[in-house]
Amino acid sequence: MKSEGQSINARCVRLPAKVADAASLAPVVETHTLSRGANDLLIEVKAAAVNPSDVKAATGLMPYAVFPRTPGRDYAGVVIDGPAGSIGRDVFGSSGDLGIRRDGTHATHLVVEADAVVEKPKSISWEEAAGIGVPFVTAMEGLRRAGIPKAGETVLVMGVNGKVGQAAVQIASWHGARVIGVVRKDELYEGHANSKVEIINASVTDVAARVRELTDGKGADIVFNTVGDPYFQAAHQSLALRGRQILIAAVDRIVQFNILEFYRGQHTYVGIDTLGLSSVATGAVLREIGPGFASGHLKPFPIKPAAIFSLEQARAAFIAVAGSSRDRVILRPV
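Residues numbered from 1 in each chain as written. Predicted model: local features only at pLDDT ≥ 70, side-chain atom pairs only at ≥ 80, totals over all residues. Heavy atoms only, no water.

**Points about the overall build of the chain**
Counting secondary structure elements, the chain contains 9 helices and 15 strands. Taking 20 Å as the expected radius of gyration for a compact globule of 334 residues, we find that the chain reaches 20 Å, a close match to that expectation. Across its three principal directions, the C-alpha atoms of the chain cover 65 × 45 × 35 Å. When each of the 334 residues of the chain is scored for burial, the buried share is 53%. Across the chain, every contact between residues at least 6 apart in sequence was considered, and the portion connecting residues at least 24 apart equals 70%. Here the chain displays about 14,200 Å² of accessible surface, and carbon together with sulfur accounts for 52% of that area. Side chains of the chain give 36 positive and 33 negative charges; the mean places of these two sets differ by 1 Å. (Helix = DSSP H or I, 4+ residues; strand = E, 2+ residues; numbered from the N terminus. Rg over C-alpha atoms; globule rule 2.2 N^0.38 Å. Buried < 20%, exposed > 50% of the residue type's maximum accessible area, 1.4 Å probe, protein only. Contact = heavy atoms within 4.5 Å. Areas by Shrake-Rupley, 256 points an atom, 1.4 Å probe, with all protein chains shown as cover. Lys, Arg positive; Asp, Glu negative; His and termini not counted. Charge placed at Lys NZ, Arg CZ, Asp CG, Glu CD.)

And the structure:
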């Protein structure tokens, strides 16, 4: 058994300074000594995801991001040092501050609070577990804040084939809700679901009118808008009485909407920013969805071999994510 407070030399991806754009990224791999506090875990990282927020923070879109730092918010690995009973556990997790305000997961090892980790189901690979984090936390936190959908309620997901969109579909259908997805071209829903997902092609169909048709005029109880302002008006017009719109993104940021319709519809708008969640708070969200993965109602995103990179290939991984790859991009430290 390893002694408490063990230090280890970890190989870490480092971003030395803010850059203008993804093409200018120049991450390096350095060796840094990590040591844990009394209530921390030292984790050998088996896999870590690359998220769009990693790229945005590197290019200055998050002014509170520190430099130099090791990026990365999502991870899966083995506990190699920690409080009694923790060593040897297979865990995964995510965070709003890891990789942004403090050193993150793109490394061979990671120090994180003991309360931040979740047990990895044996049926899920390291890479799949690492890919769960940000998309599922965002989806679950949105639905938690808006009210977990009930059987018989309708959830409309704007941008349904994005990773957060797919996670929202999985969680909503797990809870028995009817799910309608919105896409911007002629395509089917690409992810897992626990029931049929009806699709609306926004490029050829009036979304709000079609939602009313599909719901006998009622509208959607929840609209999970993963895109933001481009779909804001359609989402607003699709809401049922006392409907809730969840917002997680923006393009042009500023929107206009009818306040009279808003208050007469008794609507609620919920803003979600998972960067505001600590590692421990994120762990609490992941524990709520853990039973879904254990039961098979929730499934991790498939990880393609071509989307797995080494630490030395971090720049290529970042550029793939910046290029709006639909694949879940993973770093494998060893």
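**Thoughts on the sheet that holds strand S12 (residues 239–247)**
Overall, parallel pairing links the 6 strands, which are arranged S10-S9-S8-S11-S12-S13 in an open sheet. The sheet is open, and its two borders are formed by strand S10 (197–201) and strand S13 (268–271), each paired with just one other strand. The mean inter-strand angle of the sheet, taken between neighbouring strand axes irrespective of direction, is 20 degrees. Bridge count between S12 and S13: 4 bridges; the pairing is parallel. The residue bridging Arg244 from the neighbouring strand is Thr268, located in S13. Against the sheet, helix H5 (residues 207–214) contacts strand S8 (154–158), strand S9 (178–183), S10, strand S11 (220–225) and S12, and its axis sits at roughly 150 degrees relative to S10. (Pairing = 2+ DSSP bridges. Axes fitted to C-alpha atoms, helices over the stretch in contact; angles between N-to-C directions.)

**Concerning a nonpolar patch on the surface**
The grouping of Val255, Phe257, Ile259, Leu260 and Tyr263 at the surface amounts to a nonpolar patch, some 440 Å² of accessible area in total. Here Phe257 lies in the loop between S12 and helix H7 (259–264). (Patch = residues over 30% accessible without salt bridge, like charges linked within 9 Å, V, L, I, M, F, W, Y side chains within 5 Å. Salt bridge = Lys/Arg side-chain N within 4 Å of Asp/Glu carboxyl O.)

**Quick notes on the environment of Val137**
Mapped onto the secondary structure, Val137 falls in helix H3 (residues 133–146). Beyond its immediate stretch of four places on either side in the chain, Val137 contacts Thr274, Leu277, Thr282, Val285 and Leu286.

**As for the packing of aromatic side chains**
Throughout the structure, instances matching the rule amount to 7 aromatic pairs. A centroid spacing of 5.3 Å and a plane angle of 40 degrees characterise the contact between Phe136 and Phe301, whose relative ring orientation is tilted. Here the residue Phe136 occupies a position in helix H3, and Phe301 occupies one in the loop between helix H8 (279–295) and strand S14 (308–309), the gap between them amounting to 165 residues. Considered together, Phe136 and Phe301 belong to a single accessibility category, that of buried residues. Ring centres of Phe232 and Phe257 lie 5.8 Å apart, and the angle between their planes is 70 degrees; on these two criteria the pair is classed as edge-to-face. Note that Phe232 is positioned in helix H6 (residues 232–238) and Phe257 in the loop between S12 and H7, a separation of 25 residues in sequence. With a relative accessible area of 5%, Phe232 lands in the buried category. Judged by relative accessible area, Phe257 falls into the partly exposed class, the value being 31%. (Phe/Tyr/Trp six-rings, centres within 6.5 Å; stacked < 30°, edge-to-face > 60°.)

**Brief notes about the environment of Arg212**
If you trace the backbone, Arg212 turns up in helix H5. With a relative accessible area of 26%, Arg212 lands in the partly exposed category. Along the backbone, Arg212 and Ser278 are 66 residues apart, and their C-alpha atoms lie at a distance of 39 Å. Arg212 has contacts with Gly217, Lys218, Gly219, Gln237, Ser238, Leu239 and Ala240, leaving out every residue within four places of it along the chain.

**Examining unusual backbone geometry**
Going from Phe67 to Pro68, the amide bond is cis rather than trans, its omega being -10 degrees. Within the fold, Pro68 resides in the loop between helix H1 (52–58) and strand S4 (75–81). Of note in this structure, Arg242 is not a glycine but carries a positive phi near 65 degrees. Residue placement: Arg242 occurs in strand S12.

**Some points on the nonpolar core**
Counting residues in each nonpolar core, the largest one holds 43 residues, and the members touching the most others are Phe136, Val157, Ile171, Phe224, Ile246 and Ile289. At the level of secondary structure, the elements contributing two or more residues to this core comprise strand S3 (40–50), helix H2 (126–130), H3, S8, helix H4 (163–174), S9, S11 and H8. Each residue touching Phe224, except ones within four places of it in the same chain, is listed here: Thr138, Ala139, Gly142, Leu143, Leu156, Val157, Met158, Val164, Ala168, Ile246 and Ile248. Membership of the second largest hydrophobic core comes to 16 residues, among which are Val55, Ala58, Phe309 and Phe318. (Core = buried A, V, L, I, M, F, W, Y, C linked by side-chain atoms within 4.5 Å.)

**Quick notes on helix H9 (residues 314–322)**
What H9 keeps buried is the set Ala314, Ala317, Phe318 and Val321. In an axial view of H9, the angular spread of the buried residues amounts to 100 degrees, which keeps them on one side of the axis. Against the buried residues of H9 lie strand S1 (7–14), S3, H1, S14 and strand S15 (329–331). Looking at the residues trailing H9, positive phi occurs at Ser324, about 65 degrees. (Arc of directions from axis to C-beta.)

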